[in-house]
Amino acid sequence: MYYVLMCKDKPDSLELRMATRPPHVEYLKDLEAKGILKTAGPLLGDDEKPIGSMWIMEAGDKQEAEALAAGDPYAKAGLFASVEIRAFNWVFKNPEA
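Conventions adopted
Residues numbered from 1 in each chain as written. Predicted model: local features only at pLDDT ≥ 70, side-chain atom pairs only at ≥ 80, totals over all residues. Heavy atoms only, no water. Helix = DSSP H or I, 4+ residues; strand = E, 2+ residues; numbered from the N terminus. Expected span 1.5 Å × (residues − 1). Bend = angle between axes of the 7 residues up to and from the residue. Buried < 20%, exposed > 50% of the residue type's maximum accessible area, 1.4 Å probe, protein only. Contact = heavy atoms within 4.5 Å. Polar contact = N/O pair within 3.5 Å; in protein donor to acceptor, adjacent residues only side chain to side chain. Salt bridge = Lys/Arg side-chain N within 4 Å of Asp/Glu carboxyl O.

What about helix α1 (residues 14-33)?
In a regular helix each residue adds 1.5 Å, so 20 residues correspond to 28 Å; α1 covers 27 Å between its end C-alpha atoms and thus fits that length. The sharpest bend along α1 measures roughly 55° and falls at Arg-21, with the proline Pro-22 sitting one to four residues further on. Among all positions of α1, only Arg-17, Thr-20, His-24, Tyr-27, Leu-28 and Leu-31 are buried. In this structure, the buried side of α1 is in contact with β1 (2-9), β2 (37-44), β3 (50-58), α2 (62-70), α3 (73-76) and β4 (80-88). Positive phi appears at Gly-35, one or two residues downstream of α1, with a value of about 80°.

Okay, here's the thing in C-alpha cells:
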C-alpha cells in the first residue's frame, strides 16, 4: 500500500531544517535504495522557501508508515508542527503500474 506523508514545519524553523537536512537526505536515500520511498520533496511557502515535506512511500500498513516517518531526522529534531499520513491510491503516472 502507498502512503502520503505531509509534514508542516513549526514557524520560524528554516534554520533547524537546513541544519538537519544532510541526515534527512541520507535517510531518504536509504529508503529509496530499499524501494520504500517513491518520491519526496519540500513543500514551499509563498516566498518559495521550505515550509514542510511531502513523501510517497510504500509500506505494509499505516503503523509501518508511521514508524518510517518517525525515523526521519527532521521528525527526531522536532521540526514538524504537524504530520499527516494517508493511504494513497496511485492511479495516474504510477511508474510501477
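With respect to the side chain of Thr-20
Structurally, the position occupied by Thr-20 is in helix α1. Of the polar contacts made by the side chain of Thr-20, one reaches the backbone oxygen of Leu-16; its length is 2.8 Å.

A word on the pattern of salt bridges
Taken as a whole and assessed by the stated rule, the structure comprises five salt bridges. The partner of Glu-26 in a salt bridge is Lys-29, with the nearest N and O atoms 3.9 Å apart. Remark: Lys-29 and Glu-26 occur in helix α1; sequence separation between them is three residues, near one turn of the helix. Put simply, Lys-38 and Glu-58 hold a salt bridge, and the shortest N to O gap is 3.4 Å. Here the residue Lys-38 occupies a position in strand β2, and Glu-58 occupies one in strand β3, the gap between them amounting to 20 residues. Judged by its relative accessible area of 23%, Lys-38 is partly exposed. Judged by relative accessible area, which is 32%, Glu-58 ranks as partly exposed.

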